[in-house]
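# Understanding the architecture of this molecule
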Amino acid sequence: MSDERPLITATDHDLPFDELSWKQFEKLCVWLLEEAGYSVVRHKGATGGDGGVDIEAIGADGRLTFAQCKRYLQSTRFGIAEAKKEIRKVLARPPANPLPDAYLLLITRAVRPGSWAALLAEVDGRFHCDYWDITHLDRRLRKDPDTLKRFFRRSARKARRWNLPPRNGLFEGRRSLLDDLAARLRAHHSAGLTQAIT
């Protein structure tokens, strides 16, 4: 059985969220919401045709929160048109289905101020809105190594601090050459300082 979790390295790059399938990303979002104190009422996105709501959850404050999980590829941008399209799905709910107290967008891209302003203008104060963008998701996930391990796998190679050749005997016996070079550099450096002083 192959391990389908995306590979991460010891570098400081954003986690490769776009390598998760949309189902894996939604499961990750459910997990993160539960870790943040939400009780997940329903994971609607698992069945498809979610109407702009992947997760219905109750926040620690008791508010009904609709969460939308957007896993975009790196080349995809989240602009004003996309922001309006997503929130209009929520606003178009039939009257029998009430609007939420809060809306949370979990997105693997950076959210531009203009795009967020367009979304807020569409909502027009009907409910509270917030987002967790790629930076927030990355930071939240890295604070929880168990969850990180659940959704991503680490490289089997240990990260090296310095790119030095392995100790295989090639540099053995050259200690005297290195000591001589170091002595010459110290002498040259001292002579330069002496000349500058005199």
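Within any chain, residue numbers begin from 1 and follow the written order of that chain's sequence. Since the coordinates come from a predicted model, pLDDT governs what is reported: local features require at least 70, and pairs of side-chain atoms require 80 or more to be given and counted, while whole-chain, interface and lining totals use all residues. As a rule here, side-chain values cover all heavy atoms of the structure and leave hydrogens and water aside.

The way it works is that DSSP assigns letters per residue, a run of H or I at least four long becomes a helix, a run of E at least two long becomes a strand, and they are numbered from the N terminus. By secondary structure assignment, the location of Leu137 is in helix 4 (residues 134-142). C-alpha of Leu137 to C-alpha of Arg109: the two residues are 28 residues apart in sequence and 10.0 Å apart in space. Throughout, a contact is declared for two residues whenever any of their heavy atoms are within 4.5 Å. Here Leu137 is in contact with Phe17, Phe25, Leu32, Leu106, Ile107 and Trp132, once residues within four sequence places are set aside.

Any Lys or Arg side-chain nitrogen located within 4 Å of an Asp or Glu carboxyl oxygen qualifies as a salt bridge. Applying the stated rule across the entire model yields seven salt bridges. Two residues, Lys70 and Glu86, come together in a salt bridge whose shortest N-O distance is 3.2 Å. With Lys70 in strand 4 (residues 64-70) and Glu86 in helix 2 (residues 80-91), the pair connects residues that are 16 residues apart, well separated along the chain. Here Lys70 falls in the buried class, since its relative accessible area comes to 16%. Take Glu86: its relative accessible area is 3%, and that puts it in the buried class. Salt bridges here are not isolated pairs; linked through shared partners, they connect Arg42, Lys44 and Glu56. Note on classification: 1.4 Å probe, protein chains only; a residue is buried when its accessible area is under 20% of the maximum for its type, exposed when over 50%, partly exposed between these limits.

A word on the nonpolar core. For our purposes a nonpolar core is just a set of buried Ala, Val, Leu, Ile, Met, Phe, Trp, Tyr and Cys residues, chained together by side-chain atoms within 4.5 Å. Counting 22 residues, the largest nonpolar core has Phe17, Phe25, Leu28, Ile55, Leu106, Leu141 and Phe152 as the members making the most contacts within it. Mapped by element, the contributors of at least two residues to this core are helix 1 (22-35), strand 3 (55-58), strand 4, strand 5 (102-107), helix 4 and helix 5 (145-151). Ranked by residue count, the leading element in this core is helix 1, at six residues. Excluding anything up to four places from it in sequence, Phe25 contacts Phe17, Leu20, Cys69, Lys70, Arg71, Leu106, Thr108 and Leu137. Grouped together as the second largest cluster of nonpolar side chains are 16 residues, Val53, Ile87, Tyr103 and Cys129 included.

Per-residue confidence from the predictor is given as pLDDT, running between 0 and 100. Residues of the protein with pLDDT of at least 70 account for 77%, and the chain-wide mean is 81. Low pLDDT, under 50, characterises residues 194-198; the stretch is placed with zero contacts to residues that sit more than four places away or in other chains.

This brings us to the pairing of strand 6 (residues 128-132). Between any two strands, at least two bridges found by DSSP are needed for them to pair. As paired strands, strand 5 and strand 6 are joined by five bridges and run parallel to one another. Bridge pairing links Ala102 to His128 in strand 6. Clockwise travel from the first strand over the helix to the second, with the strands pointing away from the viewer, marks a crossover as right-handed. What joins strand 5 to strand 6 is helix 3 (residues 113-123), and the crossover it makes is right-handed.

Read from one edge to the other, the open sheet built from five strands follows the order 2-3-4-5-6, with strand pairing classed as mixed. At either margin of the open sheet sits one strand with a lone partner, and together these are strand 2 (39-43) and strand 6. The mean angle between the axes of side-by-side strands here comes to 25 degrees, regardless of whether they run parallel or antiparallel. Alignment of strand 2 against strand 3, held across four bridges, turns out to be antiparallel. Counted as the bridge partner of Val40 is Ala57 from strand 3. In the packing of helix 3 onto the sheet, the strands contacted are strand 5 and strand 6, and the crossing angle to strand 6 comes to about 155 degrees. Only C-alpha atoms enter the line fits that serve as axes; for helices the fit covers just the stretch in contact. Angles between N-to-C directions range over 0 to 180 degrees.

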